[in-house]
Amino acid sequence: MEGWTIRILGIDPGLRVTGFGVIEKSGAKLHYVASGCIRTQGGALPERLKVILDHLGEVIASHRPEQVAVEQVFVNVNPQSTLLLGQARGAAICAAVSRDLPVSEYTALQVKQAVVGNGHAAKEQVQEMVRRLLALAGVPQADAADALACAICHAHGGLGLGRLATSGYRVRRGRLV
């Protein structure tokens, strides 16, 4: 479908650093729009969540994505860290759904598989492939690269044309089974 363009916001949620990346998919081509990191400076949890919510709201208002892709929380060894990360992720999702944007979720394995071809790729490999796929002059910061990778994963296999039929499947070792 020539001329068909969709703008996607990818989010890599974190309580200290939340990465965001905006890309456009025009037909089969991907184009970089913007990326960055939202940093929370300590303090109480509610204020940190508000920083994430407000800043992502600003990103959405200025870049006007049509779809949002968020990385799912992995279960950590420390349950408290997992709960805090889940709350940051909730703030990110609320920023999108409060503006009536559809949200899709992807595991880190799915994102790495879609971008690098290996579900267990190192962060540096993800950063380099994001740089190549989006023809960037330099390697993006790790959290921004993860967010861009999430948006790329959505563009390659998420909603719309070219969607992979993944219902009823699980991800094992970076592959759908």
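Within any chain, residue numbers begin from 1 and follow the written order of that chain's sequence. A pLDDT threshold of at least 70 governs which residues receive local features in this predicted model, and a stricter bar of 80 or more applies before side-chain atom pairs are shown or counted, although totals over entire chains, interfaces and linings include all residues. The basis for the side-chain values is all heavy atoms of the structure; hydrogens and waters are excluded.

### With respect to the pattern of salt bridges
At step 1: Any Lys or Arg side-chain nitrogen located within 4 Å of an Asp or Glu carboxyl oxygen qualifies as a salt bridge. Overall, the coordinates contain 6 salt bridges when judged by the stated rule.
At step 2: Here Asp-54 and Lys-50 are joined by a salt bridge, their closest N and O atoms 2.5 Å apart. One end of the pair is Asp-54 and the other is Lys-50, both in helix H1 (residues 45-63) and 4 residues apart, which spans about a single turn.
At step 3: In this scheme, a residue with accessible area under 20% of its type's maximum is buried, one over 50% is exposed, and one in between is partly exposed, where area comes from a 1.4 Å probe on protein chains only. A relative accessible area of 32% means that Asp-54 is categorised as partly exposed.
At step 4: We note a salt bridge from Glu-128 to Arg-131, for which the minimum N-O separation is 2.7 Å. Taken together, the residues Glu-128 and Arg-131, both in helix H4 (residues 123-133) and 3 residues apart, mark about one turn of the helix.
At step 5: Here Glu-128 falls in the partly exposed class, since its relative accessible area comes to 24%. To qualify as a helix, a DSSP run of H or I must reach at least 4 residues; to qualify as a strand, a run of E must reach at least 2; elements of each kind are numbered from the N terminus.

### Concerning the state of the cysteines
At step 1: The criterion for a disulfide is a pair of cysteine sulfur atoms lying within 2.5 Å. Enumeration over the complete set of coordinates arrives at 0 disulfides.
At step 2: No disulfide involves Cys-153; its sulfur sits 6.2 Å from that of Cys-150, the nearest cysteine.
At step 3: Note on Cys-153: relative accessible area 5%, which makes it buried.

### What about the pairing of strand E4 (residues 67-71)?
At step 1: Among the 5 residues that make up E4, 5 are buried, leaving the element largely enclosed by the rest of the structure.
At step 2: Burial along E4 is two-sided: Gln-67, Ala-69 and Glu-71 and Val-68 and Val-70, pointing in opposite directions, are all buried.
At step 3: Only when DSSP finds a minimum of two bridges between them are two strands counted as paired. Where strand E1 (residues 5-12) meets E4, 4 bridges bridge the pair, whose relative direction is parallel. Within E4, the position partnered with Ile-8 by the bridge is Gln-67.
At step 4: Across 4 bridges, the pairing between E4 and strand E5 (residues 103-106) is parallel. Counted as the bridge partner of Ala-69 is Ser-104 from E5.

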